[in-house]
Amino acid sequence: MHETVADAMLVVPQFASVCCVVGDRYRPRPGVIVPAAVMLVAMLMPVVHAGAVWTLFAATLLLLLAPLPVMRRRRADGRRAEPMDVHRALSAVVMSGMLLMGHATGVAGGHAGHGIALSAVLGAGVIGYCAFSGWLLRHEWAQEDRRAVRSGEVFAMTVAVVGMTLAM
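Calculation rules
Residues numbered from 1 in each chain as written. Predicted model: local features only at pLDDT ≥ 70, side-chain atom pairs only at ≥ 80, totals over all residues. Heavy atoms only, no water. Helix = DSSP H or I, 4+ residues; strand = E, 2+ residues; numbered from the N terminus. Buried < 20%, exposed > 50% of the residue type's maximum accessible area, 1.4 Å probe, protein only. Contact = heavy atoms within 4.5 Å. Areas by Shrake-Rupley, 256 points an atom, 1.4 Å probe, with all protein chains shown as cover. Patch = residues over 30% accessible without salt bridge, like charges linked within 9 Å, V, L, I, M, F, W, Y side chains within 5 Å. Salt bridge = Lys/Arg side-chain N within 4 Å of Asp/Glu carboxyl O. Expected span 1.5 Å × (residues − 1). Arc of directions from axis to C-beta. Core = buried A, V, L, I, M, F, W, Y, C linked by side-chain atoms within 4.5 Å. pLDDT = per-residue confidence, 0-100. Phe/Tyr/Trp six-rings, centres within 6.5 Å; stacked < 30°, edge-to-face > 60°.

**Q** What should I look at first to understand the overall build of the chain in this one?
**A** Of regular secondary structure, the chain possesses six helices and zero strands. Element order for the chain, N to C, with α for helix and β for strand: α-α-α-α-α-α. Expressed as a percentage of the 168 residues in the chain, the buried residues total 38%. If you take every contact in the chain between residues at least 6 apart in sequence, the share linking residues at least 24 apart comes to 72%. Within the structure as shown, the chain displays about 9400 Å² of accessible surface, and the carbon and sulfur contribution to it stands at 70%.

**Q** Teacher, can you tell me more about a nonpolar patch on the surface here?
**A** Taken together, the side chains of W54, F57 and L61 define a hydrophobic patch exposed on the protein surface, amounting to about 330 Å² of accessible area. In this fold, W54 is placed in helix α3 (residues 52–65).

**Q** Got a minute to help me understand the environment of R138 in this structure?
**A** By the element assignment, R138 lies in helix α5 (residues 112–142). A sequence separation of 13 residues divides R138 from S151, and the C-alpha atoms of the two residues are 9.0 Å apart.

**Q** So what exactly am I meant to see when it comes to the pattern of salt bridges here?
**A** Any two side chains of opposite charge can pair, given that their charged atoms come close. Tallied over the entire structure, the rule returns one salt bridge. The shortest N-O distance in the salt bridge between D85 and R88 comes to 3.1 Å. Taken together, the positions of D85 and R88, both in helix α4 (residues 83–108) and three residues apart, correspond to about one turn of that helix. With respect to burial, D85 and R88 carry one shared label: buried.

**Q** What should I look at first to understand α3 in this one?
**A** Since the α-helix turns once every 3.6 residues, residues separated by three or four places project in the same direction. The terminal C-alpha atoms of α3, which comprises 14 residues, lie 20 Å apart, in line with the 20 Å expected from a rise of 1.5 Å per residue. Looking at α3, one finds that the buried residues are T55, A58, A59, L62 and L65. What you see down the axis of α3 is that its buried residues fit within an arc of 125 degrees, all on one side. Away from its buried face, by an angle of more than 90 degrees, α3 presents the exposed residues V53 and L64.

**Q** Hey, could you run me through the nonpolar core in this one?
**A** The nonpolar side chains of soluble globular proteins are, as a tendency, buried together. Core analysis: the biggest nonpolar cluster contains 23 residues, and M39, M43, L62, M95, M98 and V161 have the highest contact counts within it. Of all the elements, α4 adds the most residues to this core, at six residues.

**Q** Teacher, can you tell me more about the confidence of the model for the chain here?
**A** Across the chain, the average pLDDT comes to 75, with 69% of residues at 70 or higher. The spread of mean pLDDT over the elements of the chain runs between helix α1 (residues 2–23), the lowest at 66, and α3, the highest at 85.

**Q** In this structure, what is going on with the packing of aromatic side chains? I would like to understand it.
**A** The geometry of two aromatic rings is summed up by the distance between their centres and the angle between their planes. By the definition in use, this model includes two aromatic pairs. Look at W54 and F57: their rings are 6.0 Å apart centre to centre, the planes differ by 90 degrees, and that puts the pair in the edge-to-face class. In this pair, W54 and F57 are both assigned in helix α3, three residues apart and thus about one turn of the helix distant. Taken together, a centroid distance of 5.6 Å and an interplanar angle of 25 degrees make the contact between F132 and W135 stacked.

Below you can see the structure in the form of structure tokens.
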């Protein structure tokens, strides 16, 4: 039963997030869709027991694609990226970090000290990500057009990150 709940915490919020990205009325860009799709596939790897090599490959690819939502993007006020794009990039970094950490602990063997340091860094990243998510939810709801789809994406991704953290 615990494994089924953990699997659902990996896949369901990520699926909802991909649906929110595709359903956004502001015409999603390939730089947003591709990392979201790769993240969904990466979350499926542990669920379907694809093996450590494929999971590590998907997590590494996700980490490499993480900056895509914020690259080459200019806002009307001249800033580099929308807060939502930053959130998408951070979610890809945190999720890939968790996948890499989950499979790297078995590879590390006798180097337990490195695992503790990586856990501390990842824990700080998760706390920072959740704080940024809370700010972003408040920011989105303060906008005139109140983008419920984007708020749903923020909430789904935060649930996925918290769920993965608890499953570790």
